[in-house]
Each structure stands twice: as C-alpha cells, then as structure tokens.
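# Architecture and fold: a report
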Amino acid sequence: MIDNLPKRGLLTISMLQGLAFLWLYRRFENELWPANDPTVAWPMLAVLTFLPLLMLLSATRESWRMTLLLSTTYTSVIAVIAGFAGAQSIPLDEVYSINHGFPFALVLWVTTFLAANFIQQRAIVGGATVYRDLFRFSWRNFLVPTFAALFTLIAFLLLKLWGALFDVLNINFFSYLFAEDWFLFPVLSTVLGIGVITFRDLARIIDSAVQILRGLLRILLPLASCIRVIFLLALMTNGASLVWQTGSGSTLMLWLVAVNLFG
C-alpha cells in the first residue's frame with residue numbers, strides 16, 4: 001500500500017504545515033496580525049490544521065485530486081464558520097479563553113473526523129456511500145493519528161534525551177537547537193507526517209486491532225446499554241436541569257454514546 005501513497009507530496013505538506021504554524025506562532029508571540037483579529041486568526045488556524053491533516057489521512061496517488069477538492073471545499077466551509085465564531089468572541093481578552101476557543105475547537109475536530117470518513121469513501125472507494133466503508137475509515141482515522149501523535153511524542157522525547165546527554169559533557173548545542181521553535185515546528189510536523197504514512201501502510205494490522213477492540217467493546221456493550229437506559233429513566237424522574245448544573249454531565253453522556261457507537 002505504501003507505493004500507492006504520494007510519500008514525497010505528503011511529507012512536503014507536513015513540512016509546509018510546520019512552517020506555517022511556526023509563522024503563526026511567532027505572530028501570536030509578538031502580538032502581531034492576525035493575532036489581534038480573531039475573524040482572520042480562527043479561519044487561518046482551521047485551514048492550516050485540517051486541510052493538511054485531511055490530505056495526510058486520505059490522499060493516494062489515484063485519489064489525491066478528488067481528495068484535495070473535497071478537503072478544500074470542507075475547510076472553506078469551516079473557515080467561514082470559524083470567522084463567524086471569531087467575530088462572536090470579541091473582545092479580544094476573551095477570544096482564547098477555554099470557555100470560547102476550546103468548545104469550538106472540539107466541535108471542529110469531531111466534525112473533521114466525520115468529514116474525513118465521507119471524503120475517503122467518496123475519493124478512494126467511490127460509488128454509493130456504504131456504512132461498512134465508513135466504519136472502517138472511522139477506526140483508521142482514529143487510530144492512525146493517535147499512533148502518529150505518539151510516534152511524534154516519542155521522537156520529541158528522544159531529542160530531549162539527546163540534548164540532555166550532551167549537556168552532561170558540557171556540549172549545549174543540541175539542547176539549544178532542540179528548544180528552538182524554528183527547529184521544532186518543521187521537524188516535528190514532518191515526523192508526524194512520517195508517522196501517518198507509516199501507520200497508513202499498516203492498515204491491515206490496524207484493521208486486526210480494530211477487530212480485537214470491537215470484540216472487547218461488544219462484551220461491554222450490554223453493560224453500557226444498561227447504564228444508558230437506567231440513566232435515562234433516572235433523568236426523566238429527576239429532571240435534566242441536574243445534568244447542566246454539574247458541568248460534566250454532557251461530557252459523560254457523550255462518552256457513553258461513543259462506547260455504544262463504536263461497539
């Protein structure tokens with residue numbers, strides 16, 4: 001399968017994404033435009049995050065044009081939504097508070113996860129939408145980025161170890177280099193791209209792991225369904241207002257729904 005992936009193109013996308021994030025990071029650090037304009041900053045963050053990610057997860061040699069078209073269309077839509085959300089988040093001292101930025105970012109991540117499944121089904125498989133394909137892609141789109149992120153984290157920790165070992169010898173060049181943003185952003189972004197390409201090549205192994213996870217979830221599915229039914233009965237008795245007062249009730253219910261969905 002690895003020969004079916006445009007490796008050089010995907011690695012170039014990863015490196016360019018890292019350089020773009022480096023530029024944006026420095027603009028925020030120095031409080032320069034677009035840091036002070038959320039109507040521009042939020043759409044820019046959305047596009048720079050999700051367009052390269054969709055290409056990394058979905059592009060093949062045969063489907064990269066369709067993938068690019070669908071991914072660009074999707075990111076254009078969420079860029080408009082992000083611009084509107086940014087306009088609603090003024091004044092600036094509230095723009096990046098957890099009460100504004102985090103929920104919106106979480107919604108975008110979930111939406112992009114769902115969109116990636118349909119983009120891959122349309123670009124790679126083609127034809128009518130089939131649930132079996134969407135289900136397979138959903139697990140891959142969950143596990144491949146997760147493993148790639150862990151791979152990137154391990155690479156980062158190895159760089160830190162490298163620098164610390166040479167610090168013992170009073171050679172501080174490496175620890176200085178590995179702490180510089182101009183080094184970390186493009187390098188770690190490229191490492192993430194390598195991780196995505198590598199784990200996409202292991203699709204059969206990931207599908208086997210999915211079968212094991214599904215088996216475990218199916219064992220727990222009756223318990224999860226029982227909890228859901230009992231909770232809904234209790235909710236009807238005590239009222240939904242208690243859920244909103246806790247501040248975490250909605251999150252817990254979403255996790256419960258996720259268990260039932262993936263099971």
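Residues numbered from 1 in each chain as written. Predicted model: local features only at pLDDT ≥ 70, side-chain atom pairs only at ≥ 80, totals over all residues. Heavy atoms only, no water.

### Thoughts on the overall build of the chain
Per the secondary structure count, the chain includes 10 helices and zero strands. Mapped in sequence order, the helices and strands of the chain form the string α-α-α-α-α-α-α-α-α-α. Considering only contacts within the chain whose residues lie at least 6 apart along the sequence, 72% involve residues at least 24 apart. Accessible surface, the chain: about 15700 Å² in total, of which carbon and sulfur atoms supply 72%. (Helix = DSSP H or I, 4+ residues; strand = E, 2+ residues; numbered from the N terminus. Contact = heavy atoms within 4.5 Å. Areas by Shrake-Rupley, 256 points an atom, 1.4 Å probe, with all protein chains shown as cover.)

### Some thoughts on the packing of helix α2 (residues 38-58) against helix α7 (residues 181-201)
One can describe the packing of α2 onto α7 by two numbers: an axis separation of 9 Å at closest approach and a directional angle of 30°. When the axis of α2 is compared with that of α7, the two are roughly parallel. Where α2 approaches α7, its residues M55, L56, L57 and S58 are matched on the opposing element by G193, V196 and R200. For the contact of α2 with α7, the residue count by class is four nonpolar, two polar and one charged. (Axes fitted to C-alpha atoms, helices over the stretch in contact; angles between N-to-C directions. Parallel < 35°, antiparallel > 145°, perpendicular 65-115°, else oblique. Nonpolar A, V, L, I, M, F, W, Y, C, P; charged D, E, K, R; others polar.)

### Observations regarding the packing of aromatic side chains
Applying the stated rule across the entire model yields 12 aromatic pairs. Relative to W109, the ring of F50 has its centre 4.9 Å away and its plane inclined at 75°; by these criteria the two rings are edge-to-face. With F50 in helix α2 and W109 in helix α4 (residues 101-125), this residue pair connects regions lying 59 residues apart in the sequence. A relative accessible area of 3% places F50 in the buried class. Aromatic pair F147 and F199: ring centres 5.5 Å apart, planes at 45°, arrangement tilted. Note that F147 is positioned in helix α5 (residues 131-168) and F199 in helix α7, a separation of 52 residues in sequence. Using a relative accessible area of 19% as the deciding quantity, one classes F199 as buried. Each member of the aromatic cluster is reached from another via a ring pair, and the members are W162, F166, F173, F174, F178 and F183. (Phe/Tyr/Trp six-rings, centres within 6.5 Å; stacked < 30°, edge-to-face > 60°. Buried < 20%, exposed > 50% of the residue type's maximum accessible area, 1.4 Å probe, protein only.)

### Quick look at α2
Between its first and last C-alpha, α2 extends 29 Å over 21 residues, near the 30 Å set by a 1.5 Å rise per residue. By the criterion of burial, α2 is predominantly enclosed, with 16 of the 21 residues buried. (Expected span 1.5 Å × (residues − 1).)

### Remarks on unusual backbone geometry
The omega torsion across W33 and P34 is 10°, close enough to zero to call that bond cis. Checked against the element boundaries, P34 lands in the loop between α1 (7-29) and α2. With phi around 55°, E31 is a residue other than glycine that occupies positive phi space. For E31, the position within the fold is in the loop between α1 and α2.

This is a description of form; function is not addressed.
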